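So the chains spell out like this:
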Amino acid sequence: MTDMIEGSSVNKEKVITLALAGQPNVGKSTIFNMLTGLNQHVGNWPGKTVECKTGSLEFNGKLFNFVDLPGTYSLTANSEEERITREFIIHEQPDVVIAIVNAAVLERNLYLVTELLALNVPLILGLNMMDVAAKEGFRIDAKVLEIALGIPVIPVVAAKNQGLRELIEAAIHLAEAPFSFKPNLPEIRLDHRSVLKDVQSLISGKVQKPYREDWIALKLLEGDNEVISIVKNNMVEVWPQIEKILLQHEDAILDITGGRYEWIAHMVRAAVFRPVPGTIVLTDRVDRIATHPFWGFVLLLGVFAFVFWVTYQIAAPLVTFLNNSIVFPFASWTNALLGNAPLWFSGLVVDGLISGVGTVLTFLPVLILFFAVLGFLEDIGYLSRAAYVMDRYMHWMGLHGRSFMPLFLGFGCNVPAISGTRIIEERKPKLLTILLVPFVPCTARLGVITFLTPAFFGENSAFVTWLLVAGNLTTLLIVGIIIDRVVFKGSQTPFIMEMPLYHLPNARTIGLYVWHNVFAFIKKAGGFIVIFSTILWALSWLPFGELNSSLLARFGLWLQPVGRLMGLSDWRIIVSLLSSFIAKENTIASLGILFRIEETGLSLIENLAQTIVPAAGLAFLVMQMLFIPCVATVAAIKQETASWKWTIFSVLLMLVISFSAGIGVYNLGLWLNLGV
Amino acid sequence: MKNEAKPLSEQRAKSRVLVHSFTGGKAVTNRLLVLGFTIGAEVTVLQNFGTGPIILSVKDSRVALGRGEAKKVMVKVID
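So, how was this worked out
Residues numbered from 1 in each chain as written. Chains lettered and ligands numbered in written order. Predicted model: local features only at pLDDT ≥ 70, side-chain atom pairs only at ≥ 80, totals over all residues. Heavy atoms only, no water. Helix = DSSP H or I, 4+ residues; strand = E, 2+ residues; numbered from the N terminus. Rg over C-alpha atoms; globule rule 2.2 N^0.38 Å. Buried < 20%, exposed > 50% of the residue type's maximum accessible area, 1.4 Å probe, protein only. Contact = heavy atoms within 4.5 Å. Areas by Shrake-Rupley, 256 points an atom, 1.4 Å probe, with all protein chains shown as cover. Buried area = accessible area lost by both parts, 1.4 Å probe. Salt bridge = Lys/Arg side-chain N within 4 Å of Asp/Glu carboxyl O. Polar contact = N/O pair within 3.5 Å; in protein donor to acceptor, adjacent residues only side chain to side chain. Nonpolar A, V, L, I, M, F, W, Y, C, P; charged D, E, K, R; others polar. pLDDT = per-residue confidence, 0-100. Expected span 1.5 Å × (residues − 1). Core = buried A, V, L, I, M, F, W, Y, C linked by side-chain atoms within 4.5 Å. Pairing = 2+ DSSP bridges. Right-handed = clockwise from strand over helix to strand, strands pointing away. Axes fitted to C-alpha atoms, helices over the stretch in contact; angles between N-to-C directions. Parallel < 35°, antiparallel > 145°, perpendicular 65-115°, else oblique. Left-handed = near helix turned anticlockwise from the far one by under 90°. Patch = residues over 30% accessible without salt bridge, like charges linked within 9 Å, V, L, I, M, F, W, Y side chains within 5 Å. Phe/Tyr/Trp six-rings, centres within 6.5 Å; stacked < 30°, edge-to-face > 60°. Lys NZ or Arg CZ within 6 Å of the ring centre and 35° of its normal.

A closer look at the overall build of chain B
A tally of regular secondary structure across chain B gives two helices and six strands. Order of helices (α) and strands (β) in chain B, N terminus to C terminus: β-β-α-β-β-β-α-β. Rg of the C-alpha trace for chain B: 11 Å, near the compact-globule value of 12 Å for 79 residues, within the 12% margin. Taken along the three principal axes of its C-alpha coordinates, chain B extends 30 × 25 × 25 Å. In chain B, which comprises 79 residues, the proportion classed as buried is 53%.

Structure below.
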């Protein structure tokens, strides 16, 4: 990671590495985005499912590496993020760590700083959201705080690009003169000071570099499981003695955390003027509605409706525009251009390649808008309120509020939703959430059903679309309750979540959020869709250059008996459904290719309406909504669960449910006289 | 007698309490400690509707806590 920019021509000196650390909700990502812009790389930490963001900045003719460490409340090995952050600082030894704190939550945020100081790494403090703090009634004197802590303190308003230059200058200054770093260090409370000394003398001389003896001793006393197992395995001869001490002082953690907060209170006393207790601020006023069990739920439904209204109101005309003004003209222009080329070649390019690229292209407006609205809701602080309101309902499935966020994201695209389950710390609820995400209809599936429903249900199509979405969510709930009771035996998991203050959105943060999510989609799914469209066209053309005798037709005919169970005796329909495994929106592309429009002179919709009775059409739509997740989602499930067993379980679960639902709906439809 | 330690989940909105002890497991307790729920820390209940999660204010931050977790934090009311 640190060698990322080595070999760059900017200079031949060692590139300085600056690491950003901070608790969640301090605006750390905004600062990272402001500093690195698009010169950033988002990947995963080696072998981990935690996002790793690195980037670079040219400042005064020099190049600097930035590492955005995961947001963590502390550096105890409670979570993957915490382990990664401390391992990075201990092993990679960045030149300077920039600790970002939210000025409005200063004391709580400084807790992480006390842990960073214990690692003895050059540290500066970025006092972010000074404007938010001022609105809340805080007055903070950065100079006084700097003197108290003994480390550089720089006030910043990242969202308005204030103080960032000073922050970098201070970091560079410290990187060039690390010997000037003389912080005030927090001390452990008197009661445990001698115990800490005893532990430290027991491990003295036995700790491997780059770990420090004082840090290992402190973490042992805190009961840190990872450090305990390191010591247990590597210092066998003194472990029994250490274990005895630790057992006698099991409650030391209460004292250590309490002591740190006392130290913090002491440090900030002279620097902070606090608001009068009981002052009603904007966040309190908004939360009276936003977190109310009833009104909060109503608001959430409204927000939900708004997200979709905006997405489809603006995106739908854009999609039509892209199709009519770019994709179709380009296709016919290419067709004319290839007039003299062999028929198979123009077919491959126009019906295969261009129609595939067109599918991806026309899908982008929906995705971009959905993520823009969601990014906005996240940035202003609303999403945690939504999680809070949904907590009581998520408990029905043994989940808690946090699981709601990835599920909500799933309406945009299931792929980032699966990755989004990382915010759930415990394995069981995380697994269950991953299994439930594919039941959330993504924009691609919603696009397919909004396009196809009119073929079977005409003017009732809006109602049917609504029923289909409700059907998916009901299935999600039922499956969630059953899996929780049967597979996970109904264990409950703790729900502890910070509710950040509402604040103004930052366009750049939202922009990059959209960029990363949409780019991830293009990268993961785009290639698949184009390649698949081409292959599908080839299969529908070979070996005789005619559809009804093609390889695809033979495969479809072979599957016909299965299709009959849900009234789908036309092999082309079954093949279209199967093609959604590659990407959900492929269904339309496949139907377009298979029901070749020019042959009948009818549009695809008219063609479908003539071929399929409403009961079978409904079965098809239901199956499309519940069918196995697309390839990109399956890949994400494998990555996130790190288990083929659960990945296959998820695919089979969806397959069984969608086929059963298809058969059930078809027969129900016949009974309701939709068979004509 | 008068000021016994009671579960945080039973405290009404707007009441101010001091953290007394924890009855839950180590993992949850550690997370709560880090967030500022140290022994003796002052906590204000911002929202509690008797069912579902509750919202608290501690060390100038707002924290949502599941009802199950709130039952495992024992507190004393400040008069």
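Structure shown, so let's carry the discussion forward.
Some thoughts on the overall build of chain A
Within chain A, the regular secondary structure consists of 30 helices and ten strands. By the compact-globule yardstick of 26 Å for 676 residues, chain A fits well, its C-alpha radius of gyration being 29 Å. Viewed in the frame of its principal axes, chain A has a C-alpha envelope of about 85 × 55 × 55 Å. Counting across all 676 residues of chain A, residues that qualify as buried make up 57%. The long-range fraction of contacts in chain A, counting pairs at least 24 apart against all pairs at least 6 apart in sequence, stands at 74%. A total accessible area of about 29,100 Å² is found for chain A, and carbon and sulfur atoms account for 64% of it.

Here's the deal with the interface of chain A and chain B
Counting from both sides, the interface comprises 39 residues of chain A and, opposite them, 28 residues of chain B. Interface area for chain A against chain B, summed over the two sides, is near 2,900 Å², with a carbon-plus-sulfur share of 59%. Where chain A meets chain B, there are three salt bridges. Linking chain A with chain B are 16 residue pairs in polar contact (both at pLDDT 80 or more). Looking at the side of chain A that touches chain B, the elements that each hand over two or more residues are helix 3 (106-118), helix 11 (252-268), helix 12 (282-290), helix 15 (382-394) and strand 10 (496-499) of chain A. Examining the composition of the side of chain A that touches chain B, we find that five residues originate from one element, helix 11 of chain A, more than from any other. Looking at the side of chain A that touches chain B residue by residue, the class counts come to 17 nonpolar, ten polar and twelve charged.

Quick notes on the confidence of the model for chain B
Averaged over all residues, the pLDDT of chain B equals 92, while 97% of them reach at least 70. Interface scoring of the predicted complex returns ipTM 0.95; its pTM is 0.84.

What to know about helix 30 (residues 644-671) of chain A
Residue and element names in this part refer to chain A. Spanning 28 residues, helix 30 covers 40 Å between terminal C-alpha atoms, matching the ideal 40 Å at 1.5 Å per step. Those residues of helix 30 that fall on the buried side of the exposure criterion are Trp646, Thr647, Ser650, Leu653, Met654, Ile657, Ser658, Ala661, Gly662, Val665, Tyr666 and Gly669. Its buried side turned inward, helix 30 meets helix 18 (427-436), helix 20 (461-486), helix 23 (560-564), helix 28 (614-626) and helix 29 (631-641). Looking at where helix 30 begins, the residue whose side-chain oxygen comes 3.2 Å from the main-chain nitrogen of Lys645 is Ser643.

Points about the nonpolar core
Grouped together as the largest cluster of nonpolar side chains are 125 residues, with contacts concentrated most on A:Ile98, A:Leu125, A:Leu220 and B:Phe37. Discounting chain neighbours no more than four positions away, the residues touching B:Phe37 are B:Val19, B:Phe22, B:Leu32, B:Val43, B:Leu56, B:Val58 and B:Val63. Ranked by size, the runner-up nonpolar core spans 112 residues in total, among them A:Ile449, A:Val464, A:Ile628 and A:Met654.

What to know about the pairing of strand 5 (residues 96-102) of chain A
Each regular strand carries side chains that alternate between the two faces of the sheet. All names here are of chain A. Taking burial as the measure, the seven residues of strand 5 include seven buried ones, the bulk of the element. As judged from the six bridges shared by strand 5 and strand 6 (residues 123-128), these two strands associate in the parallel manner. Following the sheet pairing, Asn102 is matched in strand 6 by Asn128. What joins strand 5 to strand 6 is helix 3, and the crossover it makes is right-handed.

Overview of the confidence of the model for chain A
Mean pLDDT for chain A: 86, with 94% of residues reaching 70 or above. Scored below 50 in pLDDT, residues 1-11 of chain A makes 20 contacts in the model with residues more than four places away or belonging to other chains.

Quick word on the sheet that holds strand 3 (residues 42-47) of chain B
Through backbone hydrogen bonds, the strands of a sheet pair up, either in parallel or in antiparallel fashion. The seven strands lie next to each other as 10(A)-5(B)-4(B)-3(B)-2(B)-6(B)-1(B), forming an open sheet whose pairing is antiparallel. Whereas interior strands pair on both sides, the edge strands pair on one side only; in this sheet they are strand 10 of chain A together with strand 1 (6-7) of chain B. Inspection of the sheet shows strand 10 of chain A paired to strand 5 (residues 61-65) of chain B by four bridges, in the antiparallel sense. Note on strand 5 of chain B: the bridge partner recorded for A:Met499 is B:Arg62.

A word on the side chain of A:Asp255
Residues and elements named next belong to chain A. Relative to the helices and strands, Asp255 resides in helix 11. Looking at Asp255, its side chain comes within polar contact range of the side chain of Arg189, at 2.6 Å. Leaving out residues up to four positions away in the same chain, Asp255 has contacts with Arg189, Asp191 and His192.

Quick look at helix 1 (residues 28-36) of chain A
Residue and element names in this part refer to chain A. Counting buried residues in helix 1 gives eight out of nine residues, a clear majority hidden from the surface. Regarding helix 1, the residues found buried are Lys28, Thr30, Ile31, Phe32, Asn33, Met34, Leu35 and Thr36. Among the residues trailing helix 1, Gly37 stands out with phi positive, at a value near 55 degrees.

Let's talk about the packing of helix 11 of chain A against helix 1 (residues 26-34) of chain B
At a closest axis distance of 10 Å, the pairing of helix 11 of chain A and helix 1 of chain B adopts a crossing angle of 10 degrees. One element, helix 11 of chain A, and the other, helix 1 of chain B, form an angle in the roughly parallel class. Regarding helix 11 of chain A and helix 1 of chain B, the two cross each other, and that crossing is right-handed. Contacts between helix 11 of chain A and helix 1 of chain B involve A:Ile253, A:Leu254, A:Thr257 and A:Tyr261 on the former and, on the latter, B:Asn30, B:Leu33 and B:Val34.

Some thoughts on the pairing of strand 3 of chain B
Residue and element names in this part refer to chain B. Taken together, the three bridges between strand 2 (residues 16-22) and strand 3 define a ladder with antiparallel strand orientation. Bridge pairing in strand 3 links Leu18 to Glu42. Relative to strand 4 (residues 54-58), strand 3 runs antiparallel, the two sharing four bridges. Residue Val45 lies in a different strand from strand 4, and its bridge partner there is Leu56. The hairpin formed by strand 3 and strand 4 contains six residues between the paired strands, and Gly50 there has a positive phi angle of roughly 85 degrees.

Some words on the sheet that holds strand 2 (residues 40-44) of chain A
All names here are of chain A. Here we have seven strands laid out as an open sheet, ordered 2-3-4-1-5-6-8, and mixed in their pairing. A strand with exactly one partner marks an edge of an open sheet, and here the two such strands are strand 2 and strand 8 (153-155). Between one strand axis and the next, the sheet turns by 25 degrees as a mean value, whatever way the strands run. Together, strand 1 (16-22), strand 2, strand 3 (51-59), strand 4 (62-68), strand 5 and strand 6 form the strand contacts of helix 1, whose direction differs from that of strand 3 by roughly 40 degrees. Contacts from helix 3 reach strand 1, strand 5 and strand 6 within the one sheet, and its direction differs from that of strand 5 by about 165 degrees.

Some remarks on a nonpolar patch on the surface
Residues and elements named next belong to chain A. Together, Ile289, Phe294, Trp295, Val298 and Leu299 make up an exposed nonpolar region whose accessible area comes to about 470 Å². Per-element accounting of the nonpolar patch gives the leading share, three residues, to helix 13 (residues 295-337). Within the secondary structure, Ile289 sits in helix 12.

Description of the side chain of A:Lys53
Inspection of the secondary structure puts A:Lys53 in strand 3. A:Lys53 has contacts with A:Ser29, A:Phe32, A:Gln40, A:His41, A:Val42, A:Phe66, A:Val67 and A:Asp68, leaving out every residue within four places of it along the chain.

Structural notes on the packing of aromatic side chains
One pass over the structure, following the stated rule, counts 18 aromatic pairs over all chains. With centroids separated by 5.7 Å and ring planes inclined at 80 degrees, the aromatic side chains of A:Phe370 and A:Phe371 adopt a geometry described as edge-to-face. Taken individually, A:Phe370 and A:Phe371 each receive the classification buried, so the pair is uniform in this respect. Look at A:Phe408 and A:Phe411: their rings are 6.4 Å apart centre to centre, the planes differ by 75 degrees, and that puts the pair in the edge-to-face class. Just as A:Phe408 is buried, A:Phe411 falls in that class too. An aromatic cluster is defined as three or more aromatic residues linked by ring pairs; in this entry it consists of A:Phe304, A:Phe404, A:Phe408 and A:Phe411. Over the ring of A:Tyr502 we find A:Arg385, and its NZ or CZ is 4.2 Å from the ring centre. In this structure, B:Lys59 packs its charged tip against the face of A:Tyr261, placed 4.9 Å from the ring centre.

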